[in-house]
Amino acid sequence: MTATAAPPVWAAFGADAVAAADAARRVPAPPAPGARPVGPTPSADAARRVPGRPPGGRPLAIGGLAKLSTCDWPGKLAATVFLQGCPWNCLYCHNPDLIDSRAPGRIAWADVLAFLRGRVGLLDAVVFSGGEATRQDLAPALGQVRDLGFLAGLHTSGAYPKRLAELLPLVDWVGFDVKALPENMAQVAGAPGAGPAMTASLKLLIESGVPHQIRTTWGAGVPTVSTAAQAESVLEWARAQGAPNPVLQPVRPDGTRPQFRAPRTP
Ligand code: SF4
């Protein structure tokens, strides 16, 4: 998952865990009165389709579902779908259980869709997060959530520029993590090509005109972005790429692996 300004990403699984996570980590479910639908009116076609997988797409490996988030898309009430698998391996990852790309999904897309059908008019948006959400065949699912009347959001760290280019016309907002200066990305992400991939993806996003938030996680223990000066240098780089308002978010050790939390333990 891309590290967000949100509380640590929920990574519990199954229906009971969803409810528990809602109670523990997210704002309680909103009442129906006064809730506002956003986006297109659900089409009759969408009403007919509640398939077990995105039409024409491979089954999504879904590691978790947050039924209500007020922070995964700032200003929107969203459900967040956490996709399994990430090609990177950041030390401070909030969802290390979602990194393994071979792990099967734990929630069926059909169940997510059934849940979303009951939230039409109550939620603004559906955010696809992860893991690295662009690793999977997201286009059909994005179409489905839009057909239901939701805005479609995407979290990404930019690991797959070509896939991001294909998805940008299908999303209404992107939360993009600039994890480090390009020359430090391989160290931060544990992947040699991470710097060029992130840079190319950021360029695509900015040029697309799709509304977005660009954010950088920083703080004690974050490789190459542990000090305010290092964090500011990343923001400066992002601004130079054409992102006028990148934001900083403090790293949150909860949910991370013991290797990251260890130095913080007295
Ligand atoms: S390993 Fe890094 S890029 Fe992948 S999900 Fe975790 S924080 Fe995000």
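Small disclaimer: the values here were computed from a predicted structure and weren't measured. (Residues numbered from 1 in each chain as written. Predicted model: local features only at pLDDT ≥ 70, side-chain atom pairs only at ≥ 80, totals over all residues.)

Before going further, it helps to examine the overall build of the protein. The helix and strand inventory of the protein stands at nine helices and seven strands. Classification of the 266 residues of the protein by burial places 45% in the buried group. Once local pairs closer than 6 in sequence are excluded, the contacts in the protein between residues at least 24 apart make up 75%. (Helix = DSSP H or I, 4+ residues; strand = E, 2+ residues; numbered from the N terminus. Buried ≥ 20, exposed ≤ 12 C-beta atoms within 10 Å, placed from the backbone. Contact = placed C-beta atoms within 7 Å.)

Strands sit in the order β1-β2-β3-β4-β5-β6-β7 across an open sheet of seven strands; the sheet is mixed. For this open sheet the edge positions go to β1 (62-69) and β7 (247-250), each flanked by a neighbour on one side alone. With direction set aside, neighbouring strand axes in the sheet form an average angle of 20°. In terms of strand pairing, β1 meets strand β2 (residues 78-83) through five bridges, oriented antiparallel. Residue pairing for β2: Ile-62 is matched across the bridge by Leu-83. (Pairing = 2+ DSSP bridges. Axes fitted to C-alpha atoms, helices over the stretch in contact; angles between N-to-C directions.)

To continue, consider helix α3 (residues 109-117). Those residues of α3 lying buried are Trp-109, Val-112, Leu-113 and Leu-116. Axial view of α3: buried residues confined to an arc of 100°, hence all on one face. Contacts from the buried residues of α3 go to β1, β2, β3 (125-130) and α4 (139-147). (Arc of directions from axis to C-beta.)

Quick look at the confidence of the model for the protein now. Low pLDDT means the predicted atomic positions in that stretch should not be read closely. When pLDDT is averaged along the protein, the result is 83, and 77% of the positions lie at 70 or above. This stretch, residues 2-52, has a pLDDT under 50; its non-local contacts, to residues over four places away or in other chains, come to 105 contacts. (pLDDT = per-residue confidence, 0-100.)

Within strand β6 (residues 212-218), seven of the seven residues are buried, leaving the element largely enclosed by the surrounding structure. Burial along β6 is two-sided: His-212, Ile-214, Thr-216 and Trp-218 and Gln-213, Arg-215 and Thr-217, pointing in opposite directions, are all buried. Across four bridges, β6 lies against β7 in parallel orientation. Its bridge partner lying in β7, Thr-217 is registered against Gln-249. In the classification by handedness, the crossover that spans β6, the intervening helix α8 (residues 228-240) and the parallel β7 is right-handed. (Right-handed = clockwise from strand over helix to strand, strands pointing away.)

With that out of the way, let us pick up unusual backbone geometry. At the junction of Gly-130 and Gly-131, the peptide bond is cis and its omega measures out at 20° in the coordinates. Positionally, Gly-131 belongs in the loop between β3 and α4. Backbone geometry at Thr-224 places phi at a positive 65°, although glycine is not the residue there. Locating Thr-224 in the fold gives a position in the loop between β6 and α8. Using a count of 18 C-beta atoms within 10 Å as the deciding quantity, one classes Thr-224 as partly exposed.

Relative to the assigned elements, Tyr-160 resides in the loop between β4 (151-156) and α5 (161-167). With 20 C-beta atoms counted inside 10 Å, the residue Tyr-160 sits in the buried group. In this structure the C-alpha to C-alpha distance between Tyr-160 and Ala-200, which are 40 residues apart in sequence, comes to 8.9 Å. Leave out the neighbours within four places in its chain, and Tyr-160 touches Thr-134 and Arg-135.

Right, let's get into the environment of Ile-99. With respect to the helices, strands and loops of the structure, Ile-99 is situated in the loop between β2 and α3. Ile-99 sits in the buried class, given 21 other C-beta atoms within 10 Å. With sequence-adjacent residues up to four places away left out, Ile-99 is seen in contact with Cys-86, Asn-89, Cys-93 and Gly-131.

This part covers α8. Given a rise of 1.5 Å per residue, 13 residues ought to cover 18 Å, and the 18 Å separating the end C-alpha atoms of α8 matches this to within 8%. When α8 is considered as a whole, its buried residues turn out to be Ala-231, Val-234 and Ala-238. Considered in projection along α8, the buried side chains sweep an arc of 60° and stay on one side of the axis. Residues Ala-229, Glu-236 and Ala-240 are exposed on α8 and point more than 90 degrees away from its buried face. Each element contacted by the buried residues of α8 is listed here: β6 and β7. (Expected span 1.5 Å × (residues − 1).)

The buried fraction of strand β5 (residues 173-177) amounts to five of the five residues, a majority that puts the element mostly inside the structure. Burial along β5 is two-sided: Trp-173, Gly-175 and Asp-177 and Val-174 and Phe-176, pointing in opposite directions, are all buried. Where β4 meets β5, four bridges bridge the pair, whose relative direction is parallel. Opposite Gly-153, over in β5, you have Trp-173 as the bridge partner. Pairing of β5 with β6 involves four bridges; the strand directions are parallel. From the neighbouring strand, Asp-177 faces β6, where its bridge partner is Arg-215.

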